[in-house]
Structure formats: C-alpha cells, structure tokens
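Listed below, chain by chain, are the residues.
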Amino acid sequence: MQGSTPVECEVLNVIQGAGIWPDCDDKTQLLQAIQVLADAQGMNGIAAAAGYFSMMGKMSASGATSLNIPEGSVNIGGNGKGFIITAQTGFDVSDAASHDGSYTSLALGDDIYIYAVDNGVAEAKLIASKNADFPDGYSAVTSRKIGGFHYGRVRPVANRYDTAFVPTVQIVPNSVWDLNHRPTCDPTGMVEIVPGGFWADIYLNSEGGGTWPENVPVSRYGQTLIRNDVYARSDFHLLLRNAGKRLPMVEEFLTYAEGSPAGQNANNDTAWAANSNSGPAPSGAVAKAVSMFNVVDVVGNIWDYLGDHSDWGDTLRKDATVVNVGKDASIPRGMVDHAEWRNFAGGGVWNYGEEAGSRCLHSGSKPWFTNGIVGFRGVCDAL
C-alpha cells in the first residue's frame with residue numbers, strides 16, 4: 001500500500017497471506033490472520049486446530065485456594081481459534097476476579113473447573129467455575145474447560161495414621177488435573193494415587209444421573225452411599241463401566257488406604273466404625289477418615305468392594321442362585337459353576353470398631369449378596 005511504513009507493510013503481508021482482505025475498521029484482522037496461518041502451518045505458540053491444547057508442565061496447587069498454571073496454548077471454539085495461556089503463579093480461585101460468580105466462597109466438597117475463555121485478544125482469560133459445562137457469562141463456543149480440582153480434606157504424609165491430626169480443608173493437591181494430566185475418565189472427585197499410573201475416587205460412590213443399566217455413579221461429598229441392597233455386589237462393575245472406571249484390586253486398595261487411622265470401638269472420632277453404629281453415614285461424615293492419598297472413608301462406614309475373585313473348594317456345582325440377584329434378577333443369565341465363589345472387600349463396615357483399618361481385608365465376600373454392607377469406589381488409569 002503506497003505511503004505505508006515498513007511495519008504496516010509487514011502486517012498487511014500477514015493479513016493478506018491468510019487470505020483476508022484488509023479493512024481499516026477491523027482491528028482484529030492481524031489476530032485472525034495469525035490464527036488462520038497457525039491452523040494451516042502448525043505454528044508453535046498459537047494453537048488453532050480444533051481440540052488443540054498444550055501446556056509447559058502441569059497445573060498444581062500452590063496454596064489452600066491457589067494454583068500454579070504454566071504457559072500454554074489452547075483452541076477455543078473451533079479451527080483457527082487459537083489462544084495463548086500466560087503462566088500464572090498463585091492463581092487464587094477465591095478471588096472474585098478469578099471466578100464467574102457461581103460461588104462466593106469455596107466449601108468442603110466443591111468440585112471446581114478452570115476454563116480458558118475468549119476474551120477478544122490473543123491471550124485467553126482464565127476463569128474458575130463450579131459449572132461443569134461452561135462458566136456463567138460464556139458458552140461452549142467461547143470457553144474451554146482445561147482443568148480443575150476438588151476442594152476437600154487433606155492429610156499430609158507426615159500425619160499418616162495420626163489420630164490427633166484433623167485434616168485441613170483446601171485444594172486437594174493430588175486432585176488437580178488438566179487436559180494433559182488426568183485420568184482417562186472424568187476426573188471430577190478423583191485423586192492421583194500413582195503418578196502416571198492410576199487415579200481413585202475420593203469418596204465411596206453415590207447415585208448420579210440416569211437409570212439402570214445406564215446410571216452413572218459419582219464421587220461426591222455428603223451423599224447417601226450406593227450399597228448392595230437394591231443392587232447385588234456383582235452389579236457394581238456395570239455401574240463403574242458407565243463412569244468409565246473399574247473396580248480396584250487389593251493392592252490398589254492397600255495403596256490408596258495407606259495412612260488412614262484405624263477405627264475405634266467406642267466412638268467415631270477416626271472413622272465411622274463405633275460398635276454401636278447401626279448403619280452407614282453419608283460420604284465424608286468423619287473429618288479424620290482420610291488417607292495420606294486424600295481418599296475418604298477407606299476405613300469403616302461400608303466395605304470397599306474389590307475386583308479380586310477366587311473360588312474355594314474342589315467340588316463344583318452349577319448354581320443359578322448366585323446369578324438371579326440384584327437389578328436384573330428376573331432375567332435368565334445362565335449359571336455359575338463354582339465351589340465357593342468369593343471376592344475381596346476392604347476397610348471394614350460401620351460397626352467394626354478397632355478391626356476396621358487400612359489393611360483390613362475380607363476374602364470371603366460373596367458377590368451375589370444383597371445385605372447392604374458393601375459399596376464401591378472406582379479407579380481409572382492415567383491418560
């Protein structure tokens with residue numbers, strides 16, 4: 001363009017190179033051009049292809065209510081819409097400027113999500129929200145969920161098995177996830193147990209949405225627990241499948257239960273396990289019943305149903321009674337040919353007293369029983 005400065009010429013070259021006709025009244029054309037060229041060329045630093053996300057490291061907790069967020073790039077809203085994520089140290093989600101107003105203060109049991117939103121400039125704005133779909137004031141087109149965490153109870157390794165220690169309520173450090181660092185299932189209400197290995201539900205599961213056989217269980221604080229009363233224990237695998245999870249094995253239970261204090265006969269101070277209890281408590285009812293991996297109610301309350309199965313004895317028999325149980329009891333589903341089919345459960349039940357503990361195991365659990373003393377939590381492999 002005649003009379004343009006060298007810088008203006010360079011800018012015009014970029015705009016025209018992206019196939020955009022220069023318009024002096026449109027102040028966003030350079031950003032549009034960069035996004036289009038990034039989509040076509042795969043440029044470093046600007047993520048434009050639909051679904052793209054990159055981060056130089058992973059999100060992590062930096063305090064009771066704050067996160068460290070590395071720099072990165074993210075696509076928001078489709079091809080050609082790439083945005084930069086600027087690194088932030090101590091991003092305080094309790095600050096009104098950092099959230100969408102879906103909460104006024106953080107509360108025990110909250111699941112919080114971090115969104116990158118289209119703020120009209122090349123740098124995405126980060127917003128915390130309790131909403132699981134998109135933050136208030138934005139839509140699925142103008143926002144992208146990139147991470148999150150659970151606000152719950154935390155027991156440090158140094159305080160494992162410490163019966164006097166009351167776990168603090170804060171961002172649970174090993175619950176922090178982002179799109180590159182998470183389990184393969186929905187990370188809501190989960191913690192990382194083995195880095196790069198597996199994640200586990202923080203809470204024994206309760207009902208989420210949907211109806212059998214497609215209902216999805218959830219890991220949430222303060223809820224009525226799913227038990228083997230209307231369900232048989234052998235129904236649990238299907239519920240967990242609906243959540244993209246699986247039953248834990250014995251060794252996984254022993255790992256995530258480590259550090260949670262044993263129950264006591266006369267009180268529920270360290271676990272819901274007093275001999276006088278007549279039934280379960282809602283998830284997370286006992287403040288001290290937290291393991292050093294921040295998994296709740298692994299001791300007492302109801303048994304954790306585990307995925308290890310065995311058979312006792314030598315004489316096999318064909319048995320339909322172990323099949324015609326639970327939700328689909330009226331539907332013929334064959335027979336089990338077994339001697340004494342059994343599986344493991346862990347942690348103890350509500351009135352187990354001092355017998356309940358992080359290494360309490362029951363190897364004689366009967367998968368077809370509907371006696372209401374067993375529940376479950378899911379585990380999932382890391383992405």
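The rules behind each value
- Residues numbered from 1 in each chain as written.
- Predicted model: local features only at pLDDT ≥ 70, side-chain atom pairs only at ≥ 80, totals over all residues.
- Heavy atoms only, no water.
- Helix = DSSP H or I, 4+ residues; strand = E, 2+ residues; numbered from the N terminus.
- Buried < 20%, exposed > 50% of the residue type's maximum accessible area, 1.4 Å probe, protein only.
- Contact = heavy atoms within 4.5 Å.
- Areas by Shrake-Rupley, 256 points an atom, 1.4 Å probe, with all protein chains shown as cover.
- Pairing = 2+ DSSP bridges.
- Axes fitted to C-alpha atoms, helices over the stretch in contact; angles between N-to-C directions.
- pLDDT = per-residue confidence, 0-100.
- Core = buried A, V, L, I, M, F, W, Y, C linked by side-chain atoms within 4.5 Å.

For the rest of this paragraph, the subject is the overall build of the protein. In terms of helices and strands, the protein carries four helices and 22 strands. Taken along the three principal axes of its C-alpha coordinates, the protein extends 95 × 50 × 30 Å. Residue burial in the protein is summarised as follows: out of 383 residues, 48% are buried. Here the analysis covers contacts within the protein between residues at least 6 apart in sequence; of these, 63% occur between residues at least 24 apart. Looking at the protein as shown, the accessible area adds up to about 16,900 Å², and 52% of this sits on carbon and sulfur atoms.

Here we come to the sheet that holds strand S22 (residues 379-381). The three strands lie next to each other as S12-S13-S22, forming an open sheet whose pairing is antiparallel. Strands with a single pairing partner mark the edges of an open sheet, and in this sheet they are strand S12 (190-194) and S22. Strand after strand, the sheet turns through a mean of 30° between neighbouring axes, direction not considered. The sheet contact formed by S12 and strand S13 (residues 198-201) spans four bridges and is antiparallel. Bridge assignment links Val194 to a residue of S13, and that residue is Phe198.

Turning next to the confidence of the model for the protein. In this model, the protein carries a mean pLDDT of 92, and residues with pLDDT of at least 70 account for 91%. Here residues 39-45 scores under 50 on pLDDT; set against residues more than four positions off or in separate chains, the count is 10 contacts.

Turning our eyes to something else, we now look at the environment of Pro367. For Pro367, the location among the structural elements is in the loop between strand S20 (361-365) and strand S21 (374-375). Along the backbone, Pro367 and Phe236 are 131 residues apart, and their C-alpha atoms lie at a distance of 9.6 Å. When sequence neighbours within four positions are dropped, the list of residues in contact with Pro367 reads Ala232, Arg233, Ser234, Tyr305, His309, Trp341, Arg342 and Asn343.

On to the nonpolar core, then. Core analysis: the largest hydrophobic core is formed by 25 residues, its most contacted members being Ile193, Phe253, Tyr256, Val295 and Val298. Elements with a contribution of two residues or more to this core: S12, S13 and helix H4 (250-256). No other element matches the four residues that H4 contributes to this core. Apart from the residues within four sequence positions on either side, Ile193 is in contact with Phe198, Trp199, Ala200, Thr255, Tyr256, Phe293 and Val295. Of all hydrophobic cores here, the second largest spans 24 residues; its members include Phe53, Leu67, Val93 and Tyr103.

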